[in-house]
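Here is what each chain is made of, one letter per residue.
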Amino acid sequence: MNDDVRNIVLGVVATAISGGFGWFARTYLWRRGLRRKQAFFGLPTGSDCLFVVNRQMGGTEGSVHRHDAFALLEISALIKDCGATVQIVTHDGARQGFGERAEFCVGGPASNARTTAHLASMLPGVRVNLDTEPGPDRGAIHVGGETYRWEKGTVEHVLLARLTNTEGARPVFLISGQTAVSNQAAARYLARHHERLAHRHRGASFALVLKVVNSQAYGPDVTELVADVTRAARTPEAAAV
């Protein structure tokens, strides 16, 4: 074997080894990322989760606003990535506890009875104004001494929370928005920033207030984190406003 042939063989071997290590590294990183995503969402491979849909405000019984349906699509992609399956139920048909399987609950207390139950049992420091008459505080979210108001088409707020009642229990993800657009915005925020949220909160419960800016022009695309209200939301005394 002359030097030229030897160099070619060594080059091929080196390329194969480098490619093998590269494939192994990419596979390892992908699997590690998948495990972290599954742990954050409480969705191990082959598991089942619950998606609780609200009713459309002003719509017929059982109708769902299209932006709430889009929120379902945003979350369904996450569930599929984790290798889990989803059961979709209406807010008044979800008569079961929480913790045995992951749950995604979408809609504010005015349109979702299960959201009302979750707020009362796990976020007692949050109050949502349910007045039906027009006014500056209609739909406002009160928590931690602050009031987050809704200005139609201009500013909309949504409470995004990850909640667990005991160690090892599967989480409930609560998306309680002032509008259907804000619900979709929170679902999209969760999908885009779950790695950051998992790192920041390290598997613990959290409650965040997000702001959707100028939805009339931008839809659910421009969303900002306004405040981390975890402590205030979980403290009953903080409900006084």
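Conventions we followed
Counting starts from 1 at the beginning of each chain's written sequence and moves along it residue by residue. Under the rules for a predicted model, residues below a pLDDT of 70 receive no local features and side-chain atom pairs below 80 are neither given nor counted, while totals for whole chains, interfaces and linings still include all residues. Working from all heavy atoms in the structure, the side-chain values ignore hydrogens and water. A side-chain nitrogen of Lys or Arg and a carboxyl oxygen of Asp or Glu constitute a salt bridge if their distance falls within 4 Å. Secondary structure elements follow DSSP: runs of H or I no shorter than four residues count as helices, runs of E no shorter than two count as strands, and numbering proceeds from the N terminus. Burial classification: accessible surface area is computed with a 1.4 Å probe over protein chains only, and a residue below 20% of its type maximum counts as buried, one above 50% as exposed, and the rest as partly exposed. Excluding any residue in a salt bridge, patches collect residues exceeding 30% relative accessible area, merging like charges within 9 Å and nonpolar Val, Leu, Ile, Met, Phe, Trp and Tyr side chains within 5 Å. Only the protein chains shown count as cover for residues, and the accessible areas themselves come from Shrake-Rupley with a 1.4 Å probe. Charge counting treats Lys and Arg as positive and Asp and Glu as negative, with His and both chain ends excluded. For the purpose of locating charges, the reference atoms are NZ of Lys, CZ of Arg, CG of Asp and CD of Glu. Two rings belonging to Phe, Tyr or Trp (six-membered ring only in the last case) form a pair when the distance between their centres is within 6.5 Å. Interplanar angles under 30 degrees mark stacking, angles over 60 mark edge-to-face geometry, and anything in between is tilted. Pairing between two strands requires that DSSP report at least two bridges joining them. The axes are straight lines fitted to the C-alpha atoms, using for helices just the contacting stretch, and the angles between their N-to-C directions are given from 0 to 180°. Between two residues, a contact is recorded if the distance between any of their heavy atoms is within 4.5 Å.

A.B. asks: Where do I start with the pattern of salt bridges in this structure?
C.D. replies: Side chains that carry opposite charge are capable of pairing whenever their charged atoms lie near each other. Enumeration over the complete set of coordinates arrives at seven salt bridges. Arg-114 is the partner of Glu-103 in a salt bridge, and the nearest nitrogen-oxygen pair spans 2.7 Å. Of the two residues, Glu-103 is situated in strand β3 (residues 103-106) and Arg-114 in helix α3 (residues 113-122); the sequence distance between them amounts to eleven residues. Since its relative accessible area comes to 2%, Glu-103 is described here as buried. One salt bridge in this structure joins Arg-149 and Asp-137, with 2.6 Å as the shortest N-O distance. You can see Arg-149 sitting in the loop between β6 (146-148) and β7 (155-163) and its partner Asp-137 sitting in the loop between β4 (127-128) and β5 (141-143), a full twelve residues away along the chain.

A.B. asks: Would you take a moment to explain a positive patch on the surface for this structure?
C.D. replies: Taken together, the side chains of Arg-31, Arg-32, Arg-35 and Arg-36 define a basic patch exposed on the protein surface. Tracing the backbone through its elements, the reader meets Arg-36 in helix α1 (residues 3-41). Taking relative accessible area as the criterion, Arg-36 reaches 54% and is therefore assigned exposed.

A.B. asks: Help me understand the packing of aromatic side chains, please; the structure alone is not making it clear to me.
C.D. replies: In this description, an aromatic ring pair is defined by two values, namely the gap between the centres and the angle between the planes. Across all of its chains, the model carries six aromatic pairs by this definition. Between the aromatic rings of Phe-40 and Phe-41, the centroid separation amounts to 4.9 Å while the plane-to-plane angle is 80°, which identifies the pairing as edge-to-face. By the burial criterion, Phe-40 is buried, and Phe-41 matches it. Both rings, one in Phe-41 and one in Phe-104, keep their centres 6.2 Å apart while their planes meet at 40°; by these two values the pair is tilted. Taken together, the residues Phe-41 in helix α1 and Phe-104 in strand β3 connect sequence positions 63 residues apart.

A.B. asks: Looking at this model, I keep getting lost on the pairing of strand β9 (residues 206-213). Mind explaining?
C.D. replies: Every other side chain in a regular strand lies on the same face of the sheet, so the side chains alternate between the two faces. Counting buried residues in β9 gives six out of eight residues, a clear majority hidden from the surface. Across eight bridges, the pairing between β7 and β9 is antiparallel. Considered in β9, the bridge of His-157 is made with Lys-211. Sheet topology places β9 next to strand β10 (residues 223-228); five bridges connect them, and they run antiparallel. Residue pairing in the sheet places Leu-210 in a bridge with Leu-225 of β10.

A.B. asks: Mind showing me how you'd approach the sheet that holds strand β1 (residues 48-53) here?
C.D. replies: The strands making up a sheet associate through hydrogen bonds between their backbones, and the pairing can be parallel or antiparallel. With mixed pairing, seven strands are arranged side by side in an open sheet as β2-β1-β3-β8-β7-β9-β10. Edge positions in the sheet fall to β2 (85-90) and β10, since each has one partner strand and no second. Looking at each pair of strands side by side, their axes are set apart by 20° on average, direction ignored. Across the sheet, helix α4 (residues 180-201) touches β3, β7, β8 (172-177), β9 and β10, and the angle it forms with β7 is around 45°.

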